[in-house]
Structures are given as structure tokens and as C-alpha cells.
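Fold and geometry: a report
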Amino acid sequence: MNVAKPILELVAITKQFGSFVALKGVDIEIAPGSVTCIVGPSGSGKSTLLRTINGLEEIDGGAVFFKGEMIGQTVRGQHRVPVSSKQARLQKLNFGMVFQTFNLFPNRTVMENVTLAPITVRGHSRKSARAAALQLLERVGLEHKKDRYPNELSGGQQQRVAIARALAMEPEILLFDEPTSALDPELVGEVLAVIKSLAEQGSTMLIVTHEMAFAQDVADEVVMMADGEVIERGSPKQVVHNSSHQRAREFFSSVVAS
Ligand SMILES: Nc1ncnc2c1ncn2[C@@H]1O[C@H](COP(=O)(O)OP(=O)(O)OP(=O)(O)O)[C@@H](O)[C@H]1O
Ligand SMILES: [Mg+2]
């Protein structure tokens, strides 16, 4: 287990939608180079939590620290205020997000999908962005599809392009929100294999998943959420097989076949 200083700390994160409290004070620390899988029943706040990390969702209380720096907000006098939009954009570059539904640009080729943000946001030259994209596409096994459009690819291939696109921005942390749950069962393995290879290469990743065998295989830590709270966290073995919480035991007995 990695004992380095956390690269990411979520401290007492709360989030409400109207009167509904979606996150009730969530604390999580992520060690650099570690893989954390977030699991739990539908509606427990997993996606909301991921979205608060990269600023897609504003938090109501608590704080997110990246390498010790509070992100999304800053202290002015006695108050916390949102950071400037420029600062927010810079902070978001630390995170790469991969969504359940891929979210590729349908009217752009694979190569364009992967190079667009590095060119327009990072200011890379077209030539260097294309060279980097080719390497990434090779890494996800799709260099031969570089001139295809998303609708010419399978779901698993589209998701692998989405992973290459996230990597092209060189984020410090990759956030995955159920990256395989929109895929036909026979396509799940190829996407999980790519994510596993990233784990082996030391990427820091936070992965919301229902794939328990995968979580047990790659996760350094499993975080179990229920009703907007973390109810258990620890090694996959401890959380999935030896949980002391009734709620966690019920959840895992419904999702783990073995
Ligand atoms: N924009 C929103 N407005 C109102 N309620 C929301 C909003 N987004 C999420 N919620 C509610 O917050 C709760 C947590 O939702 P969230 O999407 O984070 O759950 P989840 O754990 O990701 O579930 P799933 O496994 O189904 O994806 C749910 O009850 C959901 O209905
Ligand atoms: Mg979700």
C-alpha cells in the first residue's frame, strides 16, 4: 500500500440538490499512483462525488485538495469564494474524465477527437498533438482506426478512444464513471484491459464501477458508498469479503458471484 502524501483529498464534502442531500460529508484520500474503486448501490452519490472533483458539480460544504491546494474555491477574508473561471479551467486540467457514454465528438474522426483539446486548450502544435495521439491510440490498440468516425466503431472501441482522448491532456488523475456499463458484455473486457494496463503503468485513478472482479483485481482501495456516505473503505479483500457492515455485505452478496 502506498503511504505517500495524498495527491487528492476530499474533506467532508457535502452536496444538496434542493432539499435532497446527495453527499453527506465524504472524506477520501487518494495516494499518488493508486487505484481506488468506488462501489455502491444506484443513487448512493458515486457520480455526484466524481463530478465534484473536477468541478462539474459545485460542492456545498467541505473541500477538495489537489496536492495540498484547495481547488474550486479560495478563502477571501472570512469567506470561501469560487476561484476565477481561468483558475477553475487550469485546475480542471489536473483531471481527465471518462464517462459511461463515451461522449466523443460524433462529427470528428478518432484522430481529431484525441488531438482537439491538446491543440486548442494546451496549445500544442498539430504535428506534436498528432504524434502523441498516435502513440496513445497504439496504447489502446486503435491506431488503425485513426481516420474513422465514432459511429464506425464498436462501443468498446469508442470507449478506448475516449480513454486515449483523456490521456492526451496528460491529466494527473483519471476519473472513470462506470466506463463499461454501457457496453455489450463481450466488449467489457477490452476496456477493462486498457484500464488495467494504465494501473500497471502507475496512473492515479478513481473508478466508479460495478465490475467487482475487476475492482478486486486492480484496486489498491475499495470505497463503498451508500446514501451519500462512505460506509466502508479498505483493501478489496477486506471490503468485498470481510465487511463488518450489514449494508455492504448485502450489496456485495448481490453483485459478487463467487
Ligand atoms: N442534478 C441533479 N438534480 C437532482 N438530483 C440529483 C442530480 N444529480 C443526482 N441527483 C440525485 O443524487 C443522488 C445521487 O446520484 P448519483 O448520480 O451520484 O448516484 P450514483 O451512485 O452515481 O448512481 P448510479 O449507480 O445509478 O449511477 C440520486 O438520488 C440522484 O437522483
Ligand atoms: Mg452514477
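Model, not experiment: these values are computed from the prediction.

What about the overall build of the chain?
- Per the secondary structure count, the chain includes 9 helices and 12 strands.
- The C-alpha radius of gyration of the chain comes to 18 Å, within 12% of the 18 Å expected for a compact globule of 258 residues.
- A principal-axis box enclosing the C-alpha atoms of the chain has dimensions of 55 × 50 × 35 Å.
- Among the 258 residues that make up the chain, the fraction classed as buried is 49%.
- Of the contacts made within the chain by residues no fewer than 6 positions apart, 65% connect residues no fewer than 24 positions apart.
- Per element, the accessible surface of the chain, about 12,600 Å² overall, is 48% carbon and sulfur.
- Side chains of the chain give 27 positive and 28 negative charges; the mean places of these two sets differ by 7 Å.

Regarding helix 9 (residues 246-255)
- Inspection of helix 9 places Ala 248, Phe 251 and Phe 252 among the buried residues, and these make up the whole buried set. What you see down the axis of helix 9 is that its buried residues fit within an arc of 90°, all on one side. Opposite the buried face of helix 9, by more than 90 degrees, sit the exposed residues Ser 253 and Ser 254.
- Next to the buried residues of helix 9 lie strand 3 (35-39), helix 7 (212-218), strand 11 (221-226), strand 12 (229-234) and helix 8 (236-241).

Section: the domain arrangement of the chain
- With domains assigned, the chain is organised as domain 1 (8-94 + 173-255) and domain 2 (106-171).
- Relative placement of domain 1 and domain 2: their C-alpha centres are 25 Å apart.
- Opposite the 14 residues of domain 1 that make contact, domain 2 presents 15 residues.
- For the domain 1 and domain 2 pair, buried surface summed over both sides reaches about 1,200 Å², with 70% attributable to carbon and sulfur atoms.
- Applying the counting rule to domain 1 against domain 2 returns 1 salt bridge.

Some details on the environment of Pro 41
- On the secondary structure map, Pro 41 appears in the loop between strand 3 and helix 1 (46-53).
- Those residues in contact with Pro 41, other than ones at most four positions away along the chain, are Lys 46, Met 224, Met 225, Arg 247 and Phe 251.

Details of the packing of helix 3 (residues 110-120) against helix 4 (residues 126-139)
- Between helix 3 and helix 4, the least distance of the axes is 9 Å, while the angle of their chain directions is 130°. The angle between helix 3 and helix 4 falls in the class oblique. The two elements helix 3 and helix 4 meet at a crossing, and its hand is right-handed. Packed against helix 3, whose contacting residues are Val 110, Met 111, Val 114, Thr 115, Pro 118 and Ile 119, the element helix 4 presents Arg 126, Ala 129, Arg 130, Ala 133, Leu 134 and Leu 137 at the interface.

Structural notes on the pairing of strand 4 (residues 61-66)
- As paired strands, strand 1 (residues 8-17) and strand 4 are joined by 5 bridges and run antiparallel to one another. When the bridges of strand 4 are listed, Glu 9 appears paired with Phe 65.
- In this sheet, strand 5 (residues 69-71) lies alongside strand 4 in antiparallel orientation, the contact comprising 3 bridges. Looking at the pairing, Phe 66 lines up with Glu 69 of strand 5.
- The hairpin turn running from strand 4 into strand 5, its antiparallel successor, is 2 residues long, and Lys 67 in that turn takes a positive phi close to 45°.

As for the sheet that holds strand 10 (residues 204-208)
- With mixed pairing, 6 strands are arranged side by side in an open sheet as 8-9-10-3-11-12. Of all the strands in the sheet, the pair left with one neighbour each is strand 8 (95-98) and strand 12. Sheet twist, expressed as the average angle between the axes of neighbouring strands with direction ignored, equals 20°.
- Contacts from helix 1 reach strand 3, strand 8, strand 9 (173-177), strand 10 and strand 11, with the element oriented near 150° to strand 9.

Conventions used here
Position labels on residues start from 1 in each chain and follow its written sequence. Working convention: letters from A go to chains and numbers from 1 go to ligands, in the order in which they are written. Thresholds applied to this predicted model are a pLDDT of at least 70 for local features of residues and 80 or more for the giving and counting of side-chain atom pairs; totals over whole chains, interfaces and linings are not thresholded and use all residues. Side-chain metrics in this entry use all non-hydrogen atoms of the structure; hydrogen atoms and water are not considered. Where helices and strands are cited, they refer to DSSP runs of H or I of at least four residues and of E of at least two residues respectively, numbered from the N terminus. Between the two quantities, the radius of gyration covers C-alpha atoms and the globule rule is 2.2 Å times the number of residues to the power 0.38. Any residue under 20% of the maximum accessible area for its type is buried, any over 50% is exposed, and the rest in between are partly exposed; the area is computed with a 1.4 Å probe on protein chains only. Every residue pair with non-hydrogen atoms within 4.5 Å of one another is taken to be in contact. Residue exposure ignores everything except the shown protein chains as possible cover, and the areas themselves are Shrake-Rupley values with a 1.4 Å probe. Working convention for charge: Lys and Arg count positive, Asp and Glu count negative, and His plus the chain ends are omitted. We put the charge of a Lys on NZ, of an Arg on CZ, of an Asp on CG and of a Glu on CD. Relevant arc is that of directions from the helix axis to the C-beta atoms, nothing else. Domain borders in the structure are assigned automatically or taken from a domain database. Buried area adds together the accessible area that both of two parts lose upon being put together, with accessible area traced by a 1.4 Å probe. One side-chain nitrogen of Lys or Arg within 4 Å of one carboxyl oxygen of Asp or Glu is enough to make a salt bridge. Axis definition: a line fit to C-alpha positions, over the contact stretch in the case of helices; interaxial angles, taken between N-to-C directions, run 0 to 180 degrees. Roughly parallel means an angle under 35 degrees; roughly antiparallel, over 145; roughly perpendicular, 65 to 115; everything else is oblique. Whether a crossing is left-handed or right-handed is set by the direction in which the near helix is turned from the far one by less than a right angle, anticlockwise for left-handed and clockwise for right-handed. Strand pairing is assigned whenever DSSP detects at least two bridges linking the two strands.

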